[in-house]
Amino acid sequence: MSTDEKVTDQRKRPGRRGLADRLRRDWPLLVMAAPAALLLLVFHYLPTLGNVIAFQDYNPFLGDDPLDAFVHSEWIGFGNFETLFRDPAFWDAVRNTLTITAFQLVFFFPLPILLAILLNSVVSGRVRGFVQSVVYLPHFFSWVLVVTFFVQMLGGAGLLAQELRQAGLQPWDVMTDPDTFMVLVTAEAVWKDAGWGAIVFLAALSAIDQNLYEAAAADGAGRWRRLWHITLPGLRPVIILLLIMRLGDALSVGFEQFILQREAVGRQAAEVLDTFVYYQAIVPQQWGLGAAAGLFKAAVGLILILAANSAAHRLGEQGVYAKS
């Protein structure tokens, strides 16, 4: 084959040659990403096939193995969804979940941003490192320990109640008050995860060009104007991305935190969608009902992500993915 023919042949197959070049160039990155991809495949994508039981009267004891149970379980179409949507307790759980999500979006979501800005403004690296270690630490505590800590501080026999009794005042058991439960779980989440959530925003702050601050200061811009015109615009893409992702999890506010406190404040205040699935589907072994609730939660999350991402595109932001 002549040289001209080889060149022509290569032009006819640019994609194949391009893929081979990219594989030779990026194979170390692909090898490093392979364990994470395998983890997602085994523990996320393959279990997604099990959502078929949302349309079955699933019985795991039919047949000799799980595959036989899938095959021999009776198909009931949307029967599980009809049962789910007719249950008033389900809608109570959805309402509680959305209310808590909205409350935490207002009173919790901005706190890691504020904390990151405050930490970034600390001049002393030693002080900043100490404060970061202190605020990161609660993230590694289990919810059992976090709830126990709040019980010891705010419970009926806790430190606050003892101080009130010594002052001659009527003690207030915050841990068993349904009216303040939303504030309580938000405070627990703030104490546990606000410091950890600030890490992403600290990384975004480090990527802002410091020359912008110097130029703004030289032009006479004060601290608040630099914050408003440089810091917040630099954080805006990250804020919008995390806000969209949080909206996708609007029906997931946690399980351990709520199941640990459900009996103390009552089902009406503490029942969220995850605890509803546990008590109404897993405990009575209504597997199809639980799968239907999971599909409903996933569908709502997908709709919210797509809607929020579309709104971000209209505002000129990239969002979760770039607009093609």
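See the structure shown above.
Analysis parameters
- Residues numbered from 1 in each chain as written.
- Predicted model: local features only at pLDDT ≥ 70, side-chain atom pairs only at ≥ 80, totals over all residues.
- Heavy atoms only, no water.
- Helix = DSSP H or I, 4+ residues; strand = E, 2+ residues; numbered from the N terminus.
- Rg over C-alpha atoms; globule rule 2.2 N^0.38 Å.
- Buried < 20%, exposed > 50% of the residue type's maximum accessible area, 1.4 Å probe, protein only.
- Contact = heavy atoms within 4.5 Å.
- Lys, Arg positive; Asp, Glu negative; His and termini not counted.
- Charge placed at Lys NZ, Arg CZ, Asp CG, Glu CD.
- Salt bridge = Lys/Arg side-chain N within 4 Å of Asp/Glu carboxyl O.
- Patch = residues over 30% accessible without salt bridge, like charges linked within 9 Å, V, L, I, M, F, W, Y side chains within 5 Å.
- Areas by Shrake-Rupley, 256 points an atom, 1.4 Å probe, with all protein chains shown as cover.
- Axes fitted to C-alpha atoms, helices over the stretch in contact; angles between N-to-C directions.
- Parallel < 35°, antiparallel > 145°, perpendicular 65-115°, else oblique.
- Left-handed = near helix turned anticlockwise from the far one by under 90°.
- Nonpolar A, V, L, I, M, F, W, Y, C, P; charged D, E, K, R; others polar.
- Polar contact = N/O pair within 3.5 Å; in protein donor to acceptor, adjacent residues only side chain to side chain.
- Phe/Tyr/Trp six-rings, centres within 6.5 Å; stacked < 30°, edge-to-face > 60°.
- Lys NZ or Arg CZ within 6 Å of the ring centre and 35° of its normal.

*Asks:* Which parts of the structure should I look at to understand the overall build of the chain?
*Replies:* Summing up its helical and strand segments, the chain has 17 helices and two strands in all. Relative to a compact globule of 324 residues, whose C-alpha radius of gyration would be 20 Å, the chain shows 26 Å and is clearly more extended. Residues classed as buried in the chain amount to 32% of the 324 residues present. Across the chain, every contact between residues at least 6 apart in sequence was considered, and the portion connecting residues at least 24 apart equals 64%. The chain carries 25 positive and 28 negative side-chain charges, and their two centres are separated by 13 Å.

*Asks:* Sorry, what's going on with the pattern of salt bridges here?
*Replies:* Pairing between side chains becomes possible if they bear opposite charge and their charged atoms approach one another. By the definition in use, this model includes eight salt bridges. Among the salt bridges present, the one from R25 reaches D26, with a minimum N-O distance of 3.0 Å. Assessed through its relative accessible area of 21%, D26 is described here as partly exposed. If you follow the salt bridges from partner to partner, you end up with R262, E263 and E271 in one network.

*Asks:* Help me understand unusual backbone geometry in this model?
*Replies:* Most peptide bonds adopt trans geometry, and most residues besides glycine take a negative phi value. The backbone of Q285 shows a phi angle near 60°, a positive value even though the residue is not glycine. Turning to its location among the elements, Q285 is positioned in the loop between α16 (273-282) and α17 (287-314).

*Asks:* How should I be thinking about the environment of L315 in this particular structure?
*Replies:* The topology assignment puts L315 in the segment after α17. A relative accessible area of 69% means that L315 is categorised as exposed. Separated by 76 residues in the primary sequence, L315 and I239 place their C-alpha atoms 13 Å from one another.

*Asks:* Even after reading the chapter, I still don't get a nonpolar patch on the surface, so can you show me in this structure?
*Replies:* Taken together, L38, L39, L40, L41, V42, F43, Y45, L46 and L49 make up a surface patch of nonpolar side chains, about 940 Å² in accessible area. The topology assignment puts L38 in helix α2 (residues 14-48).

*Asks:* Which parts of the structure should I look at to understand the packing of helix α11 (residues 210-218) against helix α12 (residues 223-248)?
*Replies:* For any two helices packed against each other, one specifies the inter-axial angle together with the distance between the axes. Where α11 contacts α12, the two axes come as close as 11 Å, and the packing angle between them is 150°. As far as their axial angle goes, α12 and α11 are roughly antiparallel. Like other packed secondary-structure pairs, α11 and α12 cross with a definite hand, here right-handed. Side by side, α11 and α12 meet where L212, Y213, A216 and A217 of the first sit next to R226, I230 and T231 of the second. Residue composition of the contact of α11 with α12, grouped by class: five nonpolar, one polar and one charged.

*Asks:* Can you help me understand the side chain of T186 in this one?
*Replies:* Residue position: T186 is located in helix α10 (residues 181-206). Among the polar contacts listed, one links the side chain of T186 to the backbone oxygen of M182, at a separation of 2.8 Å. Residues contacting T186, with those up to four places away along its chain left out, are F103, Q104 and F108.

*Asks:* Whenever I open this one, helix α4 (residues 79-86) confuses me. Can you help?
*Replies:* Working note: α-helix, 3.6 residues per turn, so residues spaced by three or four point in the same direction. What α4 keeps buried is the set G79, N80, F81 and L84. Looking at the packing, one finds that the buried side of α4 touches β1 (56-57), α5 (88-107), α16 and α17.

*Asks:* Just to check I follow, could you spell out the side chain of E317 for this structure?
*Replies:* Tracing the backbone shows E317 in the segment after α17. Note on E317: relative accessible area 12%, which makes it buried. A polar contact is formed between the side chain of E317 and the side chain of R236, at a distance of 2.7 Å. When sequence neighbours within four positions are dropped, the list of residues in contact with E317 reads R236, P237, I240 and A312.

*Asks:* Can you help me understand the packing of α10 against α12 in this one?
*Replies:* α12 packs onto α10 with a crossing angle of 140° between their chain directions and a minimal axis gap of 9 Å. By the angle between their directions, the pair α10 and α12 is classed as oblique. Seen from above, α10 lies across α12 with right-handed handedness. Contact residues: α10 offers V200, F201, A204 and L205, while α12 offers T231, L235, V238, I239 and L242.

*Asks:* Got a minute to help me understand the packing of aromatic side chains in this structure?
*Replies:* The description of an aromatic ring pair rests on the distance of the ring centres and on the angle between the ring planes. This model, assessed by the stated rule, comprises 22 aromatic pairs. Relative to F70, the ring of Y58 lies with its centre 5.4 Å away and its plane at 35°, an arrangement referred to as tilted. Taken together, the residues span a long stretch of sequence, with Y58 in the loop between β1 and α3 (66-72) and F70 in helix α3 at a distance of 12 residues. Ring pairing ties together the aromatic residues F55, F78, F81, F85, F90, W91, F276 and F296, which thus form one cluster. The aromatic ring of W143 is capped on one face by K192, whose charged end is 5.2 Å from the ring centroid. Residue placement shows R262 over the ring face of Y279; its charged tip is 4.0 Å from the ring centre.

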